[in-house]
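Summary of the model geometry
What follows is each chain in one-letter form.
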Amino acid sequence: MSPELISIENIQKIAHEYGYWAIFCGILLENLGIPIPGETVTLVGGFLAGSKELNYWLVLADAVVGAVIGGICGYWIGRLGGWSLLVKVSSLFRISEQRLIQIKAQFSENAAKAIFFGRFFALLRIFAAPLAGIAEVPFGKFFLYNLVGAIAWGGVMVTLAYFAGSIVSLEQLVAWVGQFAIAALLILVAIIVIPLWLESRKKEVGE
């Protein structure tokens, strides 16, 4: 999908033309893994609500329902066929199935945090639900944290754009939120990767 097609200007035009359906579908499709900037779509919706072109509560409902349904679809995609695909892809990078089983167990132990906080991290918002399905997290547990996470994420994004839209431009707001999401993801990766690297170094020294 070309950058021109998903520019802020085009997202605004689509939101103007199709209203709440555009916001709902944009967020739903992102959660299904389609490269649509759901975060930007949500901010645009909140911005339009702040300018009284859309209703705040309906935009918020769009964001939450779209995220919840998209997350559920992603969960079942991962649950029904994600493991076999993951094994095939991992074999290309010489990651053993045994190692994948260990990672799967670790994800299951931290599933609640991953599902809830994954909403606020770039990329994890797309992959947290399928990973929960692959890890065979009980659906009831997944649904609860998926719902709570969607409410928290939608509330923050829509409300932020609703009030901040009168202070800064939409382009600047989207840029700041995007930079924060990427920075947060890098910090999270560092927190996970560095201890694993240190552990592997200790094993190498021990050998």
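Just so we're clear, the structure is a prediction, and the values are computed from it rather than from any experiment. (Residues numbered from 1 in each chain as written. Predicted model: local features only at pLDDT ≥ 70, side-chain atom pairs only at ≥ 80, totals over all residues. Heavy atoms only, no water.)

Broken down by element type, the chain carries 9 helices and 0 strands. In the chain, the order of α-helices and β-strands from amino to carboxyl end is α-α-α-α-α-α-α-α-α. Within the chain, buried positions represent 39% of all 207 residues. Counted over contacts in the chain with a minimum sequence separation of 6, partners at least 24 positions apart contribute 77%. With the model as given, the accessible surface of the chain reaches about 11800 Å², and the carbon-plus-sulfur share is 70%. (Helix = DSSP H or I, 4+ residues; strand = E, 2+ residues; numbered from the N terminus. Buried < 20%, exposed > 50% of the residue type's maximum accessible area, 1.4 Å probe, protein only. Contact = heavy atoms within 4.5 Å. Areas by Shrake-Rupley, 256 points an atom, 1.4 Å probe, with all protein chains shown as cover.)

Once that is clear, we can look at the confidence of the model for the chain. Here the chain shows a mean pLDDT of 75. Residues at 70 or above account for 62%. The low-confidence segment residues 1–5, where pLDDT is below 50, has 5 contacts with residues more than four positions distant or belonging to other chains. (pLDDT = per-residue confidence, 0-100.)

Moving on, we get to the packing of aromatic side chains. Following the criterion strictly, the structure yields 11 aromatic pairs and no others. Ring geometry for Tyr-56 versus Tyr-162: centroids 5.1 Å apart, planes at 70 degrees, classification edge-to-face. You can see Tyr-56 sitting in helix α4 (residues 56–92) and its partner Tyr-162 sitting in helix α8 (residues 139–164), a full 106 residues away along the chain. For Tyr-56, a relative accessible area of 18% corresponds to the buried category. Taken together, a centroid distance of 4.9 Å and an interplanar angle of 80 degrees make the contact between Tyr-162 and Phe-163 edge-to-face. (Phe/Tyr/Trp six-rings, centres within 6.5 Å; stacked < 30°, edge-to-face > 60°.)

Turning our attention to helix α3 (residues 38–50). Given a rise of 1.5 Å per residue, 13 residues ought to cover 18 Å, and the 18 Å separating the end C-alpha atoms of α3 matches this to within 8%. In terms of burial, α3 is largely enclosed, as 11 of its 13 residues are buried. All buried positions along α3 are accounted for by Gly-38, Glu-39, Thr-40, Val-41, Thr-42, Leu-43, Val-44, Gly-45, Gly-46, Leu-48 and Ala-49. The first or second residue beyond α3 is Lys-52, which carries a positive phi of 70 degrees. (Expected span 1.5 Å × (residues − 1).)

Interhelical geometry of α3 versus α8 gives an angle of 50 degrees and a closest axis separation of 7 Å. Compared by their axis directions, α3 and α8 come out oblique. As α3 packs across α8, the resulting crossing turns out to be right-handed. In this structure, α3 uses Gly-38, Glu-39, Thr-42, Leu-43, Gly-46, Phe-47, Ala-49 and Gly-50 to contact α8, whose residues at the interface are Trp-153, Met-157, Val-158, Ala-161 and Tyr-162. Residue composition of the contact of α3 with α8, by class: 8 nonpolar, 4 polar and 1 charged. (Axes fitted to C-alpha atoms, helices over the stretch in contact; angles between N-to-C directions. Parallel < 35°, antiparallel > 145°, perpendicular 65-115°, else oblique. Left-handed = near helix turned anticlockwise from the far one by under 90°. Nonpolar A, V, L, I, M, F, W, Y, C, P; charged D, E, K, R; others polar.)

The angle between the axes and the distance between the axes are what describe a pair of packed helices. Two elements in contact, helix α2 (residues 20–31) and α3, have axes whose closest approach is 8 Å; the angle formed by their N-to-C orientations is 160 degrees. The angle between α2 and α3 places the two elements in the roughly antiparallel class. At the point where α2 passes α3, the crossing takes the left-handed sense. Facing α2, whose interface residues are Ala-22, Ile-23, Gly-26, Ile-27 and Glu-30, α3 presents Gly-38, Glu-39, Val-41, Thr-42 and Gly-45.

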